[in-house]
Amino acid sequence: MEIKLLPLECPNCGERINSCDRDNLFFCTNCGKGYEVAKGGWKEIKVYYARPALRGKPSYYLPFWVIRTRVSLEKIIRIDTSQLTKEVLNNPDFLSTLRMLFEKKNSTVTMDFFLPSFGTTNRYLLMDNLGMIFTASPPKITPTSPQPMFGGKYRFIDAVKLIESVLFSIEKENMLFNYEFKIDPLKKMIIGIPFMRKGSFLVDGLKGKKIFYDAVEEIEEIEQLKRRIRWQR
Amino acid sequence: MANTIGFSCPNCGGEISVREGVRVAACSYCGSKFVLSTLFGAERYFVEPKITPTKNTILKYLKENSTILDIDLFFAPVIVVNSEIFGWIYAYKKGKIVTHYEQDSQYKSKPVSTVKGRELIKKSINVMKNITIFPEENIPLGLERLDLQDLNLKPYDDEKMHKYGSVLDLPENIDFYLNLAIKKMKDKMLEDYRNFDELKYRLNPVSTHMRIYYYPVILSRYKGGTISIDGINGNILLNKEDTQFSLRQRKRIPVPLFTFILTTILSLSSVFLNWKISTGIFIVFFLMLLTKNYGD
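These notes cover the structure that comes with them. Going along each chain's sequence as written, the residues are numbered from 1 onward. Chains carry letters from A onward and ligands carry numbers from 1 onward, assigned in written order. Totals for whole chains, interfaces and linings use all residues, but because this is a predicted model, local features are given only for residues with pLDDT of at least 70 and pairs of side-chain atoms are given and counted only at 80 or more.

1. With respect to the pairing of strand S9 (residues 181-198) of chain A
Residue and element names in this part refer to chain A.
Here comes step 1: Between any two strands, at least two bridges found by DSSP are needed for them to pair. Where helices and strands are cited, they refer to DSSP runs of H or I of at least four residues and of E of at least two residues respectively, numbered from the N terminus. Where strand S5 (residues 47-50) and S9 come together, 3 bridges link them in parallel fashion. Note that in S9 the partner of tyrosine 48 across the bridge is isoleucine 191.
Here comes step 2: In the sheet, S9 pairs with strand S10 (residues 201-204) via 4 bridges, with the strands oriented antiparallel. Bridge assignment links methionine 196 to a residue of S10, and that residue is valine 203.
Here comes step 3: In sequence, S9 turns back onto S10 through a hairpin of 2 residues, with glycine 199 there showing a positive phi of about 65°.

Spelled out as structure tokens, the structure:
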């Protein structure tokens, strides 16, 4: 396959795109549009930036995939609620969706999966944290103006593979391991979620969930890019 | 050290060096930034040879008075696949069987065995794995001894490579090696859990990336063996004595003697037993033909 060098400029407004070395998703800091490289060229992705619901000025915006998915299951699963995580049990809407899926034969439900599209280090396992928390209890998103956003590592094709892993993280034991789920993505978008830095933690600006600051794989590079953009402006 | 990939800047023609696995490149001359177009499938690179395939180069590694039959330089494909593996592993850690004695209603003691320490493991997986595959398994070249660190990779250039030597094709298609690499990665991850009970897993490879390095190897046949040399640092990869060659040599020794004895016996027989001379000659030639084929 021929390898080409594509100029790192926004196809929409022509602004230079700033990104980390290992990024696979690119966001324009001027017009806010998002892109991934597919078939040797740019492909646009729908991007929204969420206004913080909690007090404080966001330090970073980190990209999350939100994938509307049709999940189908042929067999019936008897739910043992004692095996479900507290995030699931605390959200009646999500629990009733799961009941619809598990307790009827040949059932199909529509679910929105939140998956971090930024890379993470071993200090924070991607699957059993924010992805599952936001999926079980989706935050209310109020769109805001485009914000500088970097660190998009996982492409749509990668994110789809992670959906099943998020589904498995809703339970403590092995209730779901024996079943085959059919997962069909219907709609995709990127949501930029604001994070505030508090000491060695990053706190999300929508629900107040904490992750380690250095759990974000390219946080140092993101910090440098943020400073450079501030200086340029 | 990471390998680097060299490109020419589309803006100013300056050399752009990109670290392997990195998508974004900047030209140090004009400052333009670029992103590599290929994200999936196989990227192909080659490494320029630093060792010249001459007789003198080869003779340095062989015994004195060795006779070199031929020397070839070729680029052997080496496949490097990296991927992040996400998912879950579920299994029971085996416990120890502990036996104790209990007294029944008739005050007789009975052994009772129980399993202690059996523990459920449900582990979330998020790891980066890297694997190297040498497709030329059927040609003994010693490729597994190649040092694949700190290489100066160049984008695959058929014309340039053929100026140095030939290029070996992949024996199978790309998907075959991609699947093989993922299978090997998963097997390696599950190694620690093989002795566990009820092992179940769902492992998904994400951001799988395959690169094919065409690595220069010098191969030379000499009287009595074959030697392969790393075309970058000159290290011997394999020096194999040709056992079949030696065997042939040993087999050839008795052939003239065998032929001589047979010829003598048959010639004498034809004279003393009054055979027709033409029959004798025919038999001798027939046997000589047989022994020659046997010798080769």
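2. As for the pairing of S10(A)
Residues and elements named next belong to chain A.
Here comes step 1: Relative to strand S11 (residues 210-212), S10 is paired through 3 bridges, and the arrangement is antiparallel. When the bridges of S11 are listed, valine 203 appears paired with lysine 210.
Here comes step 2: In this antiparallel pair of consecutive strands, S10 and S11, the connection spans 5 residues, and glycine 208 shows a positive phi of 80°.

3. Some thoughts on the nonpolar core
Here comes step 1: By definition, a nonpolar core groups buried Ala, Val, Leu, Ile, Met, Phe, Trp, Tyr and Cys residues that are joined through C-beta atoms within 7 Å. A residue is called partly exposed when the number of other C-beta atoms within 10 Å of its own lies between 12 and 20, exposed at 12 or fewer, and buried at 20 or more, with C-beta atoms placed from the backbone. Counting residues in each nonpolar core, the largest one holds 102 residues, and the members touching the most others are Phe64(A), Leu115(A), Tyr213(B) and Tyr215(B).
Here comes step 2: For Phe64(A), the contacting residues outside a window of four places in its chain are Phe114(A), Leu115(A), Pro116(A), Ser117(A), Ile190(A), Ile191(A) and Ile193(A). Remark: residues whose backbone-derived C-beta atoms lie within 7 Å of one another are considered to be in contact.

4. Considering the interface of chain B and chain A
Here comes step 1: Counting residues at the interface gives 32 residues for chain B and 30 residues for chain A.
Here comes step 2: Mapped by element, the contributors of at least two residues to the side of chain B that touches chain A are strand S3 (24-26), strand S4 (33-36), strand S5 (42-47), strand S6 (68-93), strand S9 (119-133) and strand S12 (197-222) of chain B.
Here comes step 3: Among the elements that line the side of chain B that touches chain A, the one with the most residues is S12(B), at 5 residues.
Here comes step 4: The nonpolar class holds Ala, Val, Leu, Ile, Met, Phe, Trp, Tyr, Cys and Pro. Asp, Glu, Lys and Arg form the charged class, and all remaining residues, Gly among them, are polar. When grouped by side-chain class, the residues that make up the side of chain B that touches chain A number 16 nonpolar, 10 polar and 6 charged.
Here comes step 5: In this structure, strand S1 (residues 5-7) of chain A lies alongside S4(B), joined through 3 bridges in antiparallel fashion. Residue pairing in the sheet places Leu6(A) in a bridge with Val35(B) of S4(B).

5. Some points on helix H3 (residues 174-190) of chain B
All names here are of chain B.
Here comes step 1: How far a helix is expected to stretch is found by multiplying one less than its residue total by 1.5 Å. Here H3 contains 17 residues, and its C-alpha end-to-end distance of 25 Å stays within 8% of the 24 Å for a straight helix at 1.5 Å per residue.
Here comes step 2: Burial in H3 covers these residues: Tyr177, Leu178, Ala181 and Met185. What you see down the axis of H3 is that its buried residues fit within an arc of 105°, all on one side. Turned more than 90 degrees away from the buried face of H3 sit Asp175, Asn179, Lys183 and Asp187, all of them exposed. What the arc covers is the set of directions going from the helix axis to the C-beta atoms.

Function cannot be read off these values alone, since they describe shape.
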